[in-house]
Amino acid sequence: MQPFNSLIWRDCDNLYATNPVSYISVQDDYQVNVNLLLLAQYLDQQCHYLPLAQWEVLASTIEDWDTKVVTPYRKLRRLAKSHLQAGEYQQMLDIELMMERKTQQMLLKKLNQFEQGSINTDAISDIASDKKDTYNTENYLCLFGIDADYFTQLQSA
């Protein structure tokens with residue numbers, strides 16, 4: 001199988017643009033990583049299924065970076081918003097986006113390592129036959145105790 005490349009994130013960005021408020025809401029309310037959620041939805045669309053254990057590995061791959069760098073910076077940016085001029089605030093947003101791109105690179109590297117290990121997706125497909133539209137999304141969100149239906153409802157609200 002051909003490795004995934006950075007174009008995957010263009011499709012994820014397009015998905016995010018359909019309802020950014022719901023993604024930010026689930027991020028803020030449940031500490032869900034939006035990049036992982038978007039990746040799960042993208043892989044569902046591609047019918048490329050990953051087992052729960054791989055979602056746990058993906059989450060742990062970025063955990064330190066996210067909790068020690070990205071999340072604190074995001075909090076700082078939000079706190080500083082009312083004290084900054086528009087251009088200064090935009091610079092902070094640009095830096096946060098750069099950090100998010102780093103997160104995406106880390107995820108892409110790990111995803112391609114999974115692919116090199118050639119997981120049997122046929123076996124997963126058999127398991128996922130009833131929930132193919134949301135298999136990865138459900139696996140990722142269950143790490144937070146969130147039902148995929150809840151997120152679907154949030155997106156349609």
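Data block above holds the structure.
As the structure is a prediction and not an experimental result, all values here were calculated from the model. (Residues numbered from 1 in each chain as written. Predicted model: local features only at pLDDT ≥ 70, side-chain atom pairs only at ≥ 80, totals over all residues. Heavy atoms only, no water.)

Some details on the environment of Gln27
(1) Moving on: Here Gln27 shows up in helix α2 (residues 20-30).
(2) Moving on: Given the relative accessible area of 10%, Gln27 is considered buried.
(3) Moving on: Through-space distance from the C-alpha of Gln27 to that of Leu37 is 9.5 Å; in sequence the pair is ten residues apart.
(4) Moving on: Not counting the four nearest positions on each side in its chain, Gln27 is found in contact with Val32, Val34, Arg74 and Arg78. (Helix = DSSP H or I, 4+ residues; strand = E, 2+ residues; numbered from the N terminus. Buried < 20%, exposed > 50% of the residue type's maximum accessible area, 1.4 Å probe, protein only. Contact = heavy atoms within 4.5 Å.)

Comments concerning the side chain of Glu96
(1) Moving on: Take Glu96: it is sitting in helix α5 (residues 86-116).
(2) Moving on: The contact partners of Glu96, leaving out residues within four places of it in the chain, are Tyr73, Arg74 and Arg77.

Observations regarding helix α3 (residues 34-45)
(1) Moving on: For α3, built from twelve residues, the straight-helix expectation of 16 Å at 1.5 Å per residue is met to within 8% by its first-to-last C-alpha distance of 16 Å.
(2) Moving on: Within α3, eleven of the twelve residues are buried, which leaves the element mostly enclosed by the surrounding structure.
(3) Moving on: Within α3, the full set of buried residues consists of Val34, Asn35, Leu36, Leu37, Leu38, Leu39, Ala40, Gln41, Tyr42, Leu43 and Asp44.
(4) Moving on: Where α3 begins, the side chain of Asn33 points an oxygen toward the backbone nitrogen of Asn35, at a separation of 2.9 Å. (Expected span 1.5 Å × (residues − 1). Polar contact = N/O pair within 3.5 Å; in protein donor to acceptor, adjacent residues only side chain to side chain.)

Fair warning: the whole summary comes from geometry, so function is off the table for now.
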